[in-house]
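Per-entry structural report
If you want the building blocks of each chain, they are given just below.
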Amino acid sequence: MPVLERFFPAAEPGRRRRTGEEPMPFPMGSLPGYQQGTLAWDLPEMIKMVKLVWKSKGELRGAKHRGVLESEDALGGSAGDARVRGQTGVLSERRGSYPFIDFRLLNNTTLSGEIGTKKKVKRLLSFQRYFHASRLLRGIVPQASLYLLDEDYLGQARHMLSKVGMWDFDIFLFDRLTNGNSLVTLLCHLFNVHGLIHHFQLDMVTLHRFLVMVQEDYHSQNPYHNAVHAADVTQAMHCYLREPKLANFLTPSDIMLGLLAAAAHDVDHPGVNQPFLIKTKHHLASLYQNVSVLENHHWRSTIGMLRESRLLAHLPKEVTQDIEQQLGSLILATDINRQNEFLIRLKSHLDNQDLRLEDAQDRHFMLQIALKCADICNPCRLWDLSKQWSERVCEEFYRQGDLEQKFELEVSPLCNQQKDTIPSIQIGFMTYIVEPLFERWAQFTGDTPLSENMLNHLRRNKAKWRSLLHKQHSSSRSNDHSGQVTGSQEQTLNKEETP
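Quick caveat: nothing in here was measured; it's all calculated off a predicted structure.

Some details on the packing of aromatic side chains
In this structure the tally under the stated criterion is eight aromatic pairs. With 5.5 Å between their ring centres and 80° between their planes, Tyr224 and Trp389 make a pair best called edge-to-face. Of this pair, Tyr224 sits in the loop between helix 9 (204-216) and helix 10 (227-241) while Trp389 sits in helix 19 (residues 383-406), and the two are 165 residues apart along the sequence. An identical accessibility class is assigned to Tyr224 and Trp389; each is buried. Over the ring of Trp299 we find Arg300; its NZ or CZ atom is 4.0 Å from the centre of that ring.

And the structure:
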């Protein structure tokens, strides 16, 4: 954090560029809707600007920004998770357990007259992935979902973004209005709202490319751990960053780290948990020695995308290194196995009243707590939203249980659909995980309207799940009783029919 603050001190909006600073990607006065000291873009204007800027860049320059793999031997390892050491010394992973490119190309290089060498293969992979991520901006309509929205949907999405700080924000509706691009649209808006594009002199096209990479590396087939969950966590993180107790001390670096970590905290999630990866001897479990396996993978994948997109390439080396390390610290904090560790530490700080948010370390710790809260905030949402998330996460659990049964493995806790009901899972989750954390969060924020609102929703939702659980038990008892009556009646009929 001190490194970032040294290179990016708090500055007044609209300040003059000092001598030696990198110029902005485009003249600020020429931007549509630009006002002195702010970047007041509307969503349609942002999309138009991205298109205009992109058209002005040649494909060769785009390919240069896209970059290629850093070493000739990078393709020699595992296709899904080949690790690359960058200039900063932090190991990163190649993107995606389910990559867009058919890596069988690597085994057929000797048979192809067009490919022929490793260097050409690398160039092919880079360009194909580059074209995939930029299909809209290049004017090519993708076969899957469309990025272009008609004016009615765009207007509704823009209206929702004007209320993005409200706790009743419906991320499912927003995802439909943006045609499945909720994460990209939300992050572009929040980076603009918080002034991060201007402060860090980010190129808008490069930012959009990076966000598309993140969104597309989430697996849409996952009922829960998908890009919509990432967008929901990011929206919650935005709400928490606005809490006065925290907001008064946050730097632009803190805000960018919080939003990036929220957006990428579950990237490339396979839809199964860590114990499943360990007992199936998955290569990720071996790679990270069975410790925070998924969280390490999310972090390293995020670093790989940051480097591949070159979003922060214009920043000094030590700044990017600091950002990568802090992103890792935030994402690793979401490991549910470390819940008690963070809860005990937070309780100690609150009881001793020794949190000093002027200190970068204490601010970072509270960002970790905020991200942990955002990650498990579903039970604190409105009932209709909370219920949808509960059903989705349990569906993902049940799918894992079906896989374990199929391969004759021991079924993991909460993954047996016959024994673990949604109400019982949710009641236990709320009681032992959510309530203790959010009660401490409310103690930290000072019982703000948002904290009180979340705790009220949590209590009401828990009561509804208890009611549903009671109805399930009553229904099962009545079914058992009716089954016994039917059995006695059958015995009587059999006796009567016996000669």
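Some words on unusual backbone geometry
In this model, Ser292 sits at a positive phi of 45°, which is unusual for a non-glycine residue. Relative to the helices and strands, Ser292 resides in the loop between helix 14 (283-287) and helix 15 (293-309). Since its relative accessible area comes to 9%, Ser292 is described here as buried. For Leu414, which is not glycine, the phi torsion reads 75° and is therefore positive. Among the secondary structure elements, Leu414 is positioned in the loop between helix 19 and helix 20 (422-445).

Observations regarding the side chain of Ser301
Its place among the elements puts Ser301 in helix 15. On the basis of relative accessibility, which here comes to 0%, the residue Ser301 falls in the buried class.

Re the nonpolar core
Membership of the largest hydrophobic core comes to 105 residues, with the highest contact counts inside it found for Trp167, Phe191, Tyr240, Met366, Ile369, Phe438 and Trp441. Grouped together as the second largest cluster of nonpolar side chains are eight residues, Val272, Phe276, Leu284 and Leu294 included.

Considering helix 19
Compared with an ideal rise of 1.5 Å per residue, which puts 24 residues at 34 Å, helix 19 spans 34 Å between its outermost C-alpha atoms and is within 8% of the ideal. Every buried residue of helix 19 is listed here: Trp383, Leu385, Ser386, Trp389, Ser390, Val393, Cys394, Glu396, Tyr398, Gln400, Gly401 and Glu404. Looking at the residues trailing helix 19, positive phi occurs at Glu408, about 60°.

A word on the packing of helix 7 (residues 182-193) against helix 9
At a minimum axis separation of 9 Å, helix 7 and helix 9 run at an interaxial angle of 145°. The element helix 7 and its partner helix 9 pack so that their crossing is right-handed. Every residue of helix 9 that contacts helix 7 at Ser182, Leu183, Val184, Leu187, Cys188 and Phe191 is listed here: Met204, Leu207, His208, Leu211, Val212, Val214 and Gln215. Residue composition of the contact of helix 7 with helix 9, by class: ten nonpolar, three polar and no charged.

Side note on the confidence of the model for the protein chain
Mean pLDDT over the protein chain works out to 78, with 65% of the residues at or above the 70 mark. This model gives residues 1-40 a pLDDT under 50, and the stretch forms 67 contacts once residues within four places in sequence are excluded. Taken as a whole, residues 57-88 scores under 50 in pLDDT and shows 78 contacts with residues more than four places along the chain or in a different chain.

Focus: the environment of Arg399
The residue Arg399 is located in helix 19 in this model. Remark: the alpha-carbon pair of Arg399 and Val272, spanning 127 residues in sequence, is separated by 8.5 Å. Setting aside residues no more than four positions away along its own chain, Arg399 makes contact with Gln221 and Pro223.

Considering the pattern of salt bridges
What the rule picks out here adds up to ten salt bridges. A salt bridge links Asp351 to Arg440, with the shortest nitrogen-to-oxygen separation between them at 3.9 Å. Residue Asp351 is found in helix 17 (residues 339-352), and its partner Arg440 is found in helix 20; the two are separated by 89 residues along the sequence. We note a salt bridge from Lys387 to Glu391, for which the minimum N-O separation is 2.6 Å.

Basis of the calculations
Residues numbered from 1 in each chain as written. Predicted model: local features only at pLDDT ≥ 70, side-chain atom pairs only at ≥ 80, totals over all residues. Heavy atoms only, no water. Phe/Tyr/Trp six-rings, centres within 6.5 Å; stacked < 30°, edge-to-face > 60°. Helix = DSSP H or I, 4+ residues; strand = E, 2+ residues; numbered from the N terminus. Buried < 20%, exposed > 50% of the residue type's maximum accessible area, 1.4 Å probe, protein only. Lys NZ or Arg CZ within 6 Å of the ring centre and 35° of its normal. Core = buried A, V, L, I, M, F, W, Y, C linked by side-chain atoms within 4.5 Å. Expected span 1.5 Å × (residues − 1). Axes fitted to C-alpha atoms, helices over the stretch in contact; angles between N-to-C directions. Left-handed = near helix turned anticlockwise from the far one by under 90°. Contact = heavy atoms within 4.5 Å. Nonpolar A, V, L, I, M, F, W, Y, C, P; charged D, E, K, R; others polar. pLDDT = per-residue confidence, 0-100. Salt bridge = Lys/Arg side-chain N within 4 Å of Asp/Glu carboxyl O.

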